[in-house]
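A structural walkthrough
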Amino acid sequence: MADRVASMSVTSFGVADEVSDDLGEPKARSDRPSRNLKRILPVVSVLVVLGLWQLIGSRINPILLSTPTSTISAFGHMISRGQLIPAFFTAMEDLWVGFGLAIVVGIATGVLMGRSEVAEKILDPYINFFQATPLIALVPLVVIWFGVGFEARVAVTFVLAVWSVIINTFVGVRSTPSALIDVASIYKLSRWEVVSKITLPNAVPYIFAGLRIALGKALIGMLIAEMEVSVTGLGGLVTNYGNSFQTAYLLAGVFTASVVGVIGVILLNLVKRRFFPWVGATTSEQQVRF
Amino acid sequence: MEAPVIEVSHVGKRFWQGKSGAFIALKDVSFNVGKGEFISIIGASGCGKTTLLRMFGGLTTYDAGSIKIRGSVVRGVPDRIGFVFQAAALLPWRSVWDNIALGLTAVKGVLSESEKRSRVDAQIELTGLKGFEQSLPHQLSGGMQQRVGLARALVAEPSVLLMDEPLGALDAFTRMRLQEELAAIVARTEATTVFVTHDVDEAVFLSDRIIVMERAPGRVNQIVTVPFDKPRVRREFIGDPKVAHIRDEVLALVTEELLSRASTTETAFRT
């Protein structure tokens, strides 16, 4: 099961180019301008692409591409018409209720599977099945069960997101070093204390890696549900403007959906840094053993 | 004479490993440990010394003989024991203070919150961790981490202290300094101590008796007494020819066994 955990960004190797300067070799000095260049390259890249988009977009049919400037003005129009803000909040609500449920249910299930081999054996076939199934195909079934309202959108969001949370929590709980389990035995921790004080904290880095993946999937679920189930929120805006060939408005909706995603990532990182500052730090095991 | 605190009689243990059949980890191991005694178990990798220590702590079962601690047969983790693990085994997400307080889990309810706090503070003082209470384990050196491991084991005031190569992963200088501190701290607690090590000098410096083990099957080769008063001062201790004699004796026992078995296949079991 371990091979199914994607993107374990527990340790960061991003310091490499900062460190190279300390070597003090003449080469380091000639690196300096290129380092500044590296820093502004992303900005330059984005500006160039926006410029090209403006150039090309203003020369072809606006239905095909539109331009950055008209996308921005569409954005302004949608706000002043009172369309975008409510749609944004609908999207946020759909996303966070669905994703929130996925977090709670996913962690609980993952812990259960991690602590009990019986639970693991019972649940494993379903986890495998749903991991492999294109869950979007279940949307019509969700509509049959839940109708076309808020509950259905939450259900789609939840169903897409929950599996990554379950699997990463499970692997995190299972990866608890045996020495820490020994510690729990020696100090006579109760079954609940073993989970709350040892295995669950041990799983936190894995859980956050899973939440990053699950957030992406929840975003997709939320948008699909708003496009296909209710035609509301940001997904609804995108669908409607697409159907009426108003590309600038459609793109403004898409970019607002990106903002929803970016806010989600920022929130996850804030929670991680505020409440779990030790995530990513070397554990005593790794430091002392060789 | 007082009854021994730990009584080991004819203890045996085998591990089953697939087709190759059973590996005999321990065979007919017997010895006693008296109250307040400091004994070391020494031997090459695979002699079962850690397995034996884990049995005292109730972490591993045995399938022959009996182990008694304070008169009662060990089944599960005994009360009032402290265990110091090889690589400290601290919880990376807890501060030094909270890691030490974990040692009081088994006696919570008995102690009031303020008693608990003063116990942890006292351990921090005793193990030289003052000023590091709020540090996280990864911010500490290996030696400091092992001090936390020791404080956690001592905070519940155990009458039996079990240590599994606690200094094994440290550099030579840190190791020597911690040996002295360890001796002083343990002497103050008056706990009966079993100390697993693969370092002959360490065993001689710390112990009242040294149990030298052989491997394949793991068994007691000889028990060597170190008849010198404590506290011991390293500088005087090292120069003493009588100490050197004992050291050579233990070293000979360990290496003789190693040499005689040099041709046999290397066993790859946890020590």
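Rules and cut-offs
- Residues numbered from 1 in each chain as written.
- Chains lettered and ligands numbered in written order.
- Predicted model: local features only at pLDDT ≥ 70, side-chain atom pairs only at ≥ 80, totals over all residues.
- Heavy atoms only, no water.
- Pairing = 2+ DSSP bridges.
- Helix = DSSP H or I, 4+ residues; strand = E, 2+ residues; numbered from the N terminus.
- Axes fitted to C-alpha atoms, helices over the stretch in contact; angles between N-to-C directions.
- Contact = heavy atoms within 4.5 Å.
- Buried < 20%, exposed > 50% of the residue type's maximum accessible area, 1.4 Å probe, protein only.
- 1 Å grid on protein atoms, 1.4 Å probe; cavity = no way out; pocket = protein on both sides within 12 Å on 5 of 7 lines; lining within 4 Å.
- Points joined across faces, edges and corners; volume = space filled by probe spheres on them.
- Buried area = accessible area lost by both parts, 1.4 Å probe.
- Salt bridge = Lys/Arg side-chain N within 4 Å of Asp/Glu carboxyl O.
- Polar contact = N/O pair within 3.5 Å; in protein donor to acceptor, adjacent residues only side chain to side chain.
- Core = buried A, V, L, I, M, F, W, Y, C linked by side-chain atoms within 4.5 Å.
- Expected span 1.5 Å × (residues − 1).
- Bend = angle between axes of the 7 residues up to and from the residue.
- Parallel < 35°, antiparallel > 145°, perpendicular 65-115°, else oblique.
- Left-handed = near helix turned anticlockwise from the far one by under 90°.
- Nonpolar A, V, L, I, M, F, W, Y, C, P; charged D, E, K, R; others polar.
- pLDDT = per-residue confidence, 0-100.

Moving on: the sheet that holds strand β7 (residues 160-164) of chain B. All names here are of chain B. Strand order in the open sheet formed by six strands is β6-β7-β8-β3-β9-β10, with mixed pairing between adjacent strands. The sheet terminates laterally at β6 (81-84) and β10 (219-225), the two strands that pair on one side only. The sheet shows a mean angle of 15° between the axes of neighbouring strands, taken without regard to direction. Across six bridges, the pairing between strand β9 (residues 209-214) and β10 is antiparallel. Within β10, the residue paired with E214 across the bridge is R219. Packing against the sheet, helix α1 (residues 49-56) makes contact with β3 (38-42), β6, β7, β8 (192-197) and β9, and its axis sits at approximately 155° to β8.

Across the eight residues that make up α1 of chain B, a large majority, eight, are buried. K49, T50, T51, L52, L53, R54, M55 and F56 of chain B are the residues of α1 of chain B that are buried.

Now for empty space enclosed by the protein. To find leftover empty space, one rolls a probe the size of a water molecule over the atoms. Residues and elements named next belong to chain B. Counted by the stated rule, this structure contains three cavities of 30 Å³ or more. By volume, the largest cavity amounts to about 100 Å³. Secondary structure elements with two or more residues in the lining of the largest cavity: α4 (142-154) and α5 (172-189).

The subject of this paragraph is the interface of chain B and chain A. Put simply, an interface is often sized by how much accessible area is lost when its parts join up. At the interface, 29 residues of chain B touch 24 residues of chain A. Across the chain B/chain A interface, buried area totals approximately 2500 Å², and carbon plus sulfur atoms make up 66% of it. Across the chain B-chain A interface, the total number found is two salt bridges. Residue K188 of chain A pairs with D79 of chain B through a salt bridge whose shortest N-O separation is 2.5 Å. At the junction of chain B with chain A, the criterion picks out four residue pairs in polar contact (both at pLDDT 80 or more).

On to the nonpolar core, then. A general tendency of soluble globular proteins is for nonpolar side chains to be buried together. F31 and F56 of chain B are the most contacted members of the largest nonpolar core, which has 128 residues in total. With 15 residues, helix α9 (residues 191-230) of chain A is the single largest residue contributor to this core. One finds V96, L104, I124 and V148 of chain B within the second-largest nonpolar core, a separate group that totals 16 residues.

What follows concerns helix α7 (residues 150-174) of chain A. Residue and element names in this part refer to chain A. Taking 1.5 Å of rise per residue, 25 residues should cover 36 Å, and α7 covers 36 Å from first to last C-alpha, within 8% of that figure. The largest bend in α7 comes to about 35°, at A161. With 20 of 25 residues buried, α7 is to be regarded as a mostly interior element.

Turning next to unusual backbone geometry. One non-glycine residue with positive phi stands out, namely F245 of chain A, at about 55°. Mapping F245 of chain A onto the fold places it in the loop between α10 (233-243) and α11 (247-275). Given the relative accessible area of 58%, F245 of chain A is considered exposed. Look at A89 of chain B: it is not a glycine, yet its phi comes out positive at around 50°. Of note, A89 of chain B is situated in the loop between β6 and α2 (96-101).

Right, let's talk about the side chain of T127 of chain B for a bit. All names here are of chain B. Mapped onto the secondary structure, T127 falls in the loop between α3 (113-126) and α4. A relative accessible area of 1% means that T127 is categorised as buried. With residues up to four places along the chain from it excluded, the contact list for T127 reads R147, L150, A151 and I185.

Turning our eyes to something else, we now look at the packing of α4 of chain B against α5 of chain B. Residues and elements named next belong to chain B. It is at 11 Å that the axes of α4 and α5 come closest, and there the two elements cross at 15°. Relative to α5, α4 is oriented roughly parallel. Note that α4 runs across α5; the crossing there is right-handed. Taken together, the residues of α5 that come into contact with α4 (itself represented by G143, R147, L150 and L154) are T174, R177, L178, E181, L182, I185 and T189. Across the contact of α4 with α5, the residue classes tally to five nonpolar, three polar and three charged.

Bringing the confidence of the model for chain B into the picture now. Residues and elements named next belong to chain B. Across chain B, the average pLDDT comes to 85, with 93% of residues at 70 or higher. Residue range residues 263-271 is modelled with pLDDT below 50. Its contacts to residues more than four positions away, or to other chains, number 16 contacts. Interface confidence in the predicted complex, given as ipTM, is 0.86; pTM for the same model is 0.80.

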